[in-house]
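Structural description and commentary
What follows is each chain in one-letter form.
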Amino acid sequence: MQLDKLNLLYRQLILENAAHPQHYGHLTNFSDHLMLRNPTCGDTIDVEMVFQAEKVAEIAFTGQGCTISQASASMMTSVLLGQNLVDAKKLIASFSRLIMGEPISDQENQALGDAAVLASVAEFPTRIRCATLAWHAADNLLDQYLEKKHE
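Residues numbered from 1 in each chain as written. Predicted model: local features only at pLDDT ≥ 70, side-chain atom pairs only at ≥ 80, totals over all residues. Heavy atoms only, no water.

**Here we look at helix α5 (residues 125–149)**
- Along its 25 residues, α5 runs 36 Å from first to last C-alpha, staying within 8% of the 36 Å computed at 1.5 Å per residue.
- The sharpest bend along α5 measures roughly 45 degrees and falls at T132.
- Here α5 has its buried residues at I128, C130, A131, T132, L133, A134, W135, A137, A138, D139, L141 and L142.
- Buried-residue contacts for α5 involve β1 (32–37), β2 (44–52), β3 (55–64), α2 (67–80), α3 (85–99) and α4 (106–112). (Helix = DSSP H or I, 4+ residues; strand = E, 2+ residues; numbered from the N terminus. Expected span 1.5 Å × (residues − 1). Bend = angle between axes of the 7 residues up to and from the residue. Buried < 20%, exposed > 50% of the residue type's maximum accessible area, 1.4 Å probe, protein only. Contact = heavy atoms within 4.5 Å.)

Printed below as a string of structure tokens:
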């Protein structure tokens, strides 16, 4: 019975975030953006970020794709918004490990919030790219920003 309730919660969170995504749209003055495509299924995600005071001050995404990619992008924006750059990188690394079926700490799990429900995607290897597309874009944007800062 508990497993059924957990599966229902998982489905509700995924469907809600896909149907009513958080931070969907364009930012007026973004610092940088990156569009990634999943060639396997055709998902596209364009992530825009504003960096201020060593934090992710604003974040938004647009794109099209499956329910998993859209829900994951929505959850990612909520997780990363307001994070300092170092913590944002750590959260992305935690999500990457989680989605690959690797264990993460309870603290990491809590920090990921609703995005932690995507852990079950690890059971479906063909869907891992869908779930990680936006996270990869955000990680690349953070890397680009940090590289520019150190030039």
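**Structural notes on the packing of aromatic side chains**
- This model, assessed by the stated rule, comprises three aromatic pairs.
- Plain terms: the ring middles of Y24 and F61 are 5.0 Å apart, the flat faces sit at 90 degrees to each other, and that makes the pair edge-to-face. In this pair, Y24 is assigned in the loop between α1 (2–19) and β1 and F61 in strand β3, connecting sequence segments 37 residues apart.
- Taking the centre distance of 4.3 Å and the plane angle of 25 degrees together, the rings of F51 and Y145 count as stacked. Taken together, the residues span a long stretch of sequence, with F51 in strand β2 and Y145 in helix α5 at a distance of 94 residues.
- Exposure remark for F51: the relative accessible area of 8% places this residue in the buried category. (Phe/Tyr/Trp six-rings, centres within 6.5 Å; stacked < 30°, edge-to-face > 60°.)

**Some words on unusual backbone geometry**
- Positive phi, close to 50 degrees, is recorded for A53, a residue that is not glycine.
- Take A53: it is sitting in the loop between β2 and β3.
- Exposure remark for A53: the relative accessible area of 73% places this residue in the exposed category.
- If you check the backbone angles, E54 has positive phi at about 60 degrees while not being a glycine.
- With respect to the element layout, E54 can be found in the loop between β2 and β3.
- Under the relative-accessibility criterion, E54 is labelled partly exposed at 33%.

**Observations concerning the environment of F61**
- Exposure remark for F61: the relative accessible area of 0% places this residue in the buried category.
- In this structure, the C-alpha to C-alpha distance between F61 and M100, residues 39 residues apart in sequence, is 23 Å.
- Contacts of F61, omitting those with residues within four sequence positions, involve P21, Q22, H23, Y24, G25, I45, D46, V47, Q70, A73, S74 and T77.

**Examining the sheet that holds β1**
- Strand order in this open sheet of three strands is β1-β2-β3, and the pairing throughout is antiparallel. This sheet does not close on itself; its edge strands, each paired only once, are β1 and β3. Within the sheet, the average angular offset between the axes of one strand and its neighbour, ignoring direction, is 15 degrees.
- Pairing of β2 with β3, which is carried by nine bridges, proceeds in the antiparallel orientation. Bridged to Q52 within β3 is K55. (Pairing = 2+ DSSP bridges. Axes fitted to C-alpha atoms, helices over the stretch in contact; angles between N-to-C directions.)

Remember, this is a structural readout, not a statement about activity or role.
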